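# Descriptive analysis of the structure
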Amino acid sequence: MKHLSLLFILFFLHLCIYSQRLDSVQQGRTDTLAEVIVEAFNSRVHWKLVPAAVAVISSREMERYAGASMVPVLNSLPGVRMEERSPSSYRLSFRGSLLRSPFGVRNVKVYWNDIPLTDGGGNTYLNLVDIGQLTGAEVIKGPAASIYGAGTGGALLLRSELPLSAMPQHRFNAGISGGSFGYYRQEAGWQYQATQFSSSLQQVHQQADGYRDQSASRKYAIKWQGNWQYKQQQFRFLFFYTDLYYQTPGGITLAQMQLNPKLSRQAAGAFPGSIQQRAAIYNQTVFGGIHHTAAIASHWSLRSFITANSTAFTNPFITNYEDRDEKNTGVGSQLVFSNDQLQWTTGAEWLYNHSGIFDYGNRSGLKDTVQFKDNVFANQWFLFTQLQYAIGTQWSITTGVSVNSQSYRFKRLTDPLSAYADRSIKAVVTPRMALLYRLSNNVSLYALAAKGFSPPALAEVRPSDGNFYGDLAAESGWNYEAGIKGHLVDHRLQFDIAVYSFKLDNAIVRRNNTAGAEYFVNAGSTSQGGMEWLLKYQLVRQGKTFFSGVQLWSSYTYQPYRFENYQQGNTRFSGNALTGVPRNIWVIGADIEAGKWYANTSLNSSSSLPLNDANDAYADAYRLVQLKLGYKAGNRAHQWHFFAGIDNLLDENYSLGNDINAAGRRYYNPAPGRSIFAGFQVKF
């Protein structure tokens, strides 16, 4: 892997030298990468001027793959790992492990158009969002406490831009696609734009039979968003409804995967298998949010949001049948002062969750006798202030601090003698300091220090084993980082290189009981230092050759994470590699345009990773090749788009979402083998 990385760097250096020679004879051409504006930390500046590890995903990069999910898009970024245990069952981590995320998204704060999707219990149903509803995203890696609250992982900022227009206009779009394993997708939308108001209505239906037994999925989603600007005020609203169903095949052993990777979890002893229990997830969510921005005086503005949503969640599992009724609300506000040199932001955010959790026995997919009925309340709030100051034209400094708090109230309704159990994690101060120096107009150096704080999520305090773990402690630690980023070779080469050292105390680790139900414990400390890079090189753009555009890109992640001071009973795991973390991930790709035709191809090479804390079982390394070909035609009024592609071209037998520390060594959730897809889209 290291030799391949060195060869790729030398290849890029060769391209740099070659393109410098071209620049001397081709002045005035626009063969350069577009400048990217970043909104992370309320900065709204050029990407290379943000003193943090921020990755930007454009709408073009969103379209690089099949368009069925965000998994391959996010996995093309360094320091980011998104896993899929079964279709629509996602896990996400930034610069970290998935120790505490058997399913769902935790320890990463997620916002959509500045409205939080993360609830008061620390969970995010990212699988409710369809990639076709987005126009881009920003990824903030590492503790981002000063403005996004608690969390050691970072933040994901989803975007679905809806601009205004000088002339009123209506636009319509529709699409259909399909492929292997019963994959089918249909989408349609309408958009209206005017001088003061714009609105968009989108509908998506997606389904698949699945690669494995008991892995079918179905999603229906409808989203309505709008943008209304009146004088010095702007209102943006976002409403969506998602009806999501997916079967959960469950983990299998290595021998079972080698025998037949399509198997679902098999019966063992007194426990039946996934097919018999009809293991699945049903999620019906209604979400609404409004974001308001107002200019209240010269250089002053106020940004606020209010949100509410309701989720009906049902999960027939091997050992139980769980129903959840979740109600969430949230409010937040930011007061911003900004001029040419200084920006000061201060504000607060509060998120509230109420969950009724009812567990029954599972009799072949049907509710049986009551096991537990629980009532849980979760509150999460933080106050923050942040100052960004430019010193001349070369230096800028960012300082910020937040005060974070999380609390839970729990009561077992099926126990008439029980009282509410309270768990409050006292307010924790988390500072962040960053310094940026501009070596030139195109290249910047930065360094930062930030404290991360991550309280246990509701699904960890009250996990699937049905117990309440009020003594589970919050994770915390300091992250130190330095990086260099910018453009070279007349803006043909874009680069972002970072090194970091993160020490985490009270790491939360997933455990399984003999029935396979999960619970969580604190695992001492971890050492999570590493390095990452992202390179993009514009080899050809608007050229006079056969190719009208060629972009090469590469990302590399080095994560030699280790446990420190970690012991379970009489067994010491100190010095072991961190569970679920590949040491090396290298992704390379090419985006090629030739007139109306285009091709996107990528290779994701991931090293082996430990499947349990003892490090006596490893998932094999894999190389995932993906290819997409397409044809776009039409004009501004009418556009047609045809595409087709192949996923897992090499037909690798690998697991993209392992069950770490699984009982019975059922670690593996095999991903689909070689598959094809094709589709058609029209806009008018």
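Residues numbered from 1 in each chain as written. Predicted model: local features only at pLDDT ≥ 70, side-chain atom pairs only at ≥ 80, totals over all residues. Heavy atoms only, no water.

## Here's the deal with the pattern of salt bridges
A side chain of one charge can pair with a side chain of the opposite charge if their charged atoms are brought near each other. Tallied over the entire structure, the rule returns 32 salt bridges. Here Glu-322 and Arg-462 are joined by a salt bridge, their closest N and O atoms 3.5 Å apart. You can see Glu-322 sitting in strand β17 (residues 321-338) and its partner Arg-462 sitting in the loop between α7 (458-461) and β23 (475-488), a full 140 residues away along the chain. Overall, the relative accessible area of 0% leaves Arg-462 in the buried class. The partner of Asp-422 in a salt bridge is Arg-409, and the shortest N-O contact between them spans 2.8 Å. (Salt bridge = Lys/Arg side-chain N within 4 Å of Asp/Glu carboxyl O. Helix = DSSP H or I, 4+ residues; strand = E, 2+ residues; numbered from the N terminus. Buried < 20%, exposed > 50% of the residue type's maximum accessible area, 1.4 Å probe, protein only.)

## Regarding the environment of Gly-524
Considering the arrangement of structural elements, one finds Gly-524 in the loop between β26 (518-522) and β27 (525-527). Separated by 39 residues in sequence, Gly-524 and Phe-563 have C-alpha atoms that sit 7.9 Å apart. Once you skip the residues sitting within four places of it in the chain, Gly-524 turns out to touch Leu-504, Asp-505, Asn-506, Ala-507, Glu-564 and Asn-565. (Contact = heavy atoms within 4.5 Å.)

## Thoughts on the nonpolar core
Counting residues in hydrophobic clusters, the biggest one holds 46 residues, and the most contacted among them are Leu-74, Leu-92, Leu-156 and Leu-158. If one sorts the elements of this core by residue count, strand β14 (residues 233-247) sits on top with 4 residues. Apart from residues no more than four positions distant in its own chain, Leu-74 is found in contact with Ile-57, Val-80, Met-82, Leu-92, Val-139 and Leu-156. Ala-40, Leu-157, Tyr-446 and Leu-448 belong to the second-largest nonpolar core, a separate cluster that totals 23 residues. (Core = buried A, V, L, I, M, F, W, Y, C linked by side-chain atoms within 4.5 Å.)

## Section: the confidence of the model for the chain
The share of residues in the chain with pLDDT of 70 or more is 94%, and the mean pLDDT across the chain is 90. Contacts for the low-pLDDT stretch residues 1-30, under 50 throughout, to residues beyond four places or in other chains number 41 contacts. (pLDDT = per-residue confidence, 0-100.)

## Re the layout of surface pockets
What the second largest pocket holds in volume is close to 960 Å³. Along its surface, the second largest pocket is lined by 40 residues, and Asp-114, Arg-236, His-291, Thr-293 and Arg-303 are the ones closest to its centre. Those elements that provide at least two residues to the lining of the second largest pocket are α4 (145-148), β9 (154-159), β13 (217-230), β14, β15 (280-297), β16 (300-316), β17 and β18 (342-363). Classifying every residue of the lining of the second largest pocket gives 13 nonpolar, 19 polar and 8 charged. (1 Å grid on protein atoms, 1.4 Å probe; cavity = no way out; pocket = protein on both sides within 12 Å on 5 of 7 lines; lining within 4 Å. Points joined across faces, edges and corners; volume = space filled by probe spheres on them. Nonpolar A, V, L, I, M, F, W, Y, C, P; charged D, E, K, R; others polar.)

## Some words on the environment of Ala-188
Looking at the element boundaries, Ala-188 is found in strand β11 (residues 183-193). With 16 residues separating them along the chain, Ala-188 and Val-204 place their C-alpha atoms 6.7 Å apart. Residues in contact with Ala-188, not counting those within four places in the same chain, are Asn-173, Ala-174, Leu-201, Gln-202 and Gln-203.

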